[in-house]
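So you can see what is in the structure, the chains are spelled out below.
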Amino acid sequence: HAKDCGRKTFQFYSAEMTARVEKRLTMETELRHALERGELELHYQPQLDIATGRIVGMEALVRWRHPQKGMMPPAEFIPIAEESGLIVPIGEWIMRTACRQAMAWQAQGLPELQLAINLSARQFKPELAGLVKEVLAETGLPARCLELEITESLFIEGTDSETASILAHLKALGVSLAIDDFGTGYSSLSYLKCLPVNKLKIDQSFVQGISSNPEDASLVKAIIAIARSLNLRVIAEGVETEAQLHYLREHGCDYMQGYYYSRALPAGAFVELVKPAGA
Ligand code: C2E
Ligand code: MG
Ligand code: MG
Ligand code: MG
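Asks: How would you summarise unusual backbone geometry if you had to cite specific residues and measurements?
Replies: One non-glycine residue, aspartate 181, lies in the positive phi region at around 55°. Positioned with a positive phi, asparagine 231 is a non-glycine residue whose angle comes to about 60°. Residue asparagine 231 is classed as exposed on the basis of its relative accessible area of 57%.

Structure, rendered in structure tokens:
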């Protein structure tokens, strides 16, 4: 009897697993078509200089307008894109689309803003610098206007020479590099002293604990101090309250991004926000 039960349990899990695998495969197929069907779109979240209150940049954040499921956040499909390798063509589309958009805004006479784009570790191949160079040339976006966001996961096992060489090539193009979700990656900090990093992005989990959790507040303070002492810029993400902003200002954080000022917006709404009054 016990044996039978065991087998049943096994069959139960097996059916559930099959369903999960099927769901994933379906999503992978749909995602493969999403690009060609124009279902992906970029939203833009403003980044502000804390001292002046001015918008100085924006982060491009991808969304999937799924024909049945509606607007899907990246957390639900980026992991699948990464595992399947689809992140490479999708990432290329994101880079082109965002740079073209940023350049179009400049051509319309909007103030020059810096565009931040997220990169997955899977995109971090020797071809990357070539792609960035090509996209900048094609769109006319000045390299100083492009910032690439990478995560510490790239440096977890130390920095191999391939990664270092890609970073050097990117640096040579004149684009800047930011470390996203800084403080969550369990990597050693030694890469900060030898790699061409320009900016740290304080992870939103720390920012959100500023008023409620003294440890989070201390970590935010410490990250700002690390950035200042290494002559890096520092931005806080996920800023939702006046109290958080106040703390960041008091401790010398350079920039902020978060719902307190604005969510990520479709291009049309973003431009309305940035347009000088009367323009
Ligand atoms: P991330 O790069 O750390 O982006 C910040 C996320 O926090 C965004 O979520 C943004 O909408 C959200 N956020 C911003 N301000 C606030 C706030 O005040 N409160 C809260 N609760 N959240 C805030 P989103 O757009 O869902 O993106 C999630 C993650 O997906 C991103 O984290 C990034 O890792 C990834 N991702 C997004 N777009 C891309 C992309 O184009 N390429 C790649 N490779 N990954 C992307
Ligand atoms: Mg990011
Ligand atoms: Mg982040
Ligand atoms: Mg993140």
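Asks: Outline the coordination of the magnesium ion (ligand 2), supporting the account with residue identities and numerical values.
Replies: Around the magnesium ion (ligand 2), the protein supplies Glu59 (OE), Asn118 (OD1), Glu149 (OE) and Asp180 (OD) as donor atoms, at distances of 2.0 to 2.2 Å. When the donor residues of the magnesium ion (ligand 2) are listed from N- to C-terminus, their spacing reads E-x58-N-x30-E-x30-D. Take asparagine 118: its relative accessible area is 27%, and that puts it in the partly exposed class. With relative accessibility at 1%, the residue glutamate 149 sits in the buried group.

Asks: Summarise the site of ligand 1; cite the residues concerned and give the values.
Replies: Every one of the 21 residues lining ligand 1 counts as a neighbour, but Arg63, Asp180, Gln204, Glu240 and Tyr259 are closest to it. One of the side-chain nitrogen or oxygen atoms of aspartate 180 is found 2.8 Å away from an oxygen atom of ligand 1. Protein burial of ligand 1: of its 800 Å² of free accessible surface, 82% is covered by the chains. More than half of the atoms belonging to ligand 1 lie within 2 Å of the grid points that define the largest pocket. Put simply, the parts of the chain that give the shell around ligand 1 at least two residues each are β2 (55-66), β6 (176-182) and α7 (204-208).

Rules of the game
- Residues numbered from 1 in each chain as written.
- Chains lettered and ligands numbered in written order.
- Predicted model: local features only at pLDDT ≥ 70, side-chain atom pairs only at ≥ 80, totals over all residues.
- Heavy atoms only, no water.
- Buried < 20%, exposed > 50% of the residue type's maximum accessible area, 1.4 Å probe, protein only.
- Donors = N, O, S within 2.8 Å, 3.2 Å for Na, K, Ca; no water.
- Near = heavy atom within 4 Å.
- Polar contact = N/O pair within 3.5 Å; in protein donor to acceptor, adjacent residues only side chain to side chain.
- Areas by Shrake-Rupley, 256 points an atom, 1.4 Å probe, with all protein chains shown as cover.
- 1 Å grid on protein atoms, 1.4 Å probe; cavity = no way out; pocket = protein on both sides within 12 Å on 5 of 7 lines; lining within 4 Å.
- Sits in = over half its atoms within 2 Å of the grid points.
- Helix = DSSP H or I, 4+ residues; strand = E, 2+ residues; numbered from the N terminus.

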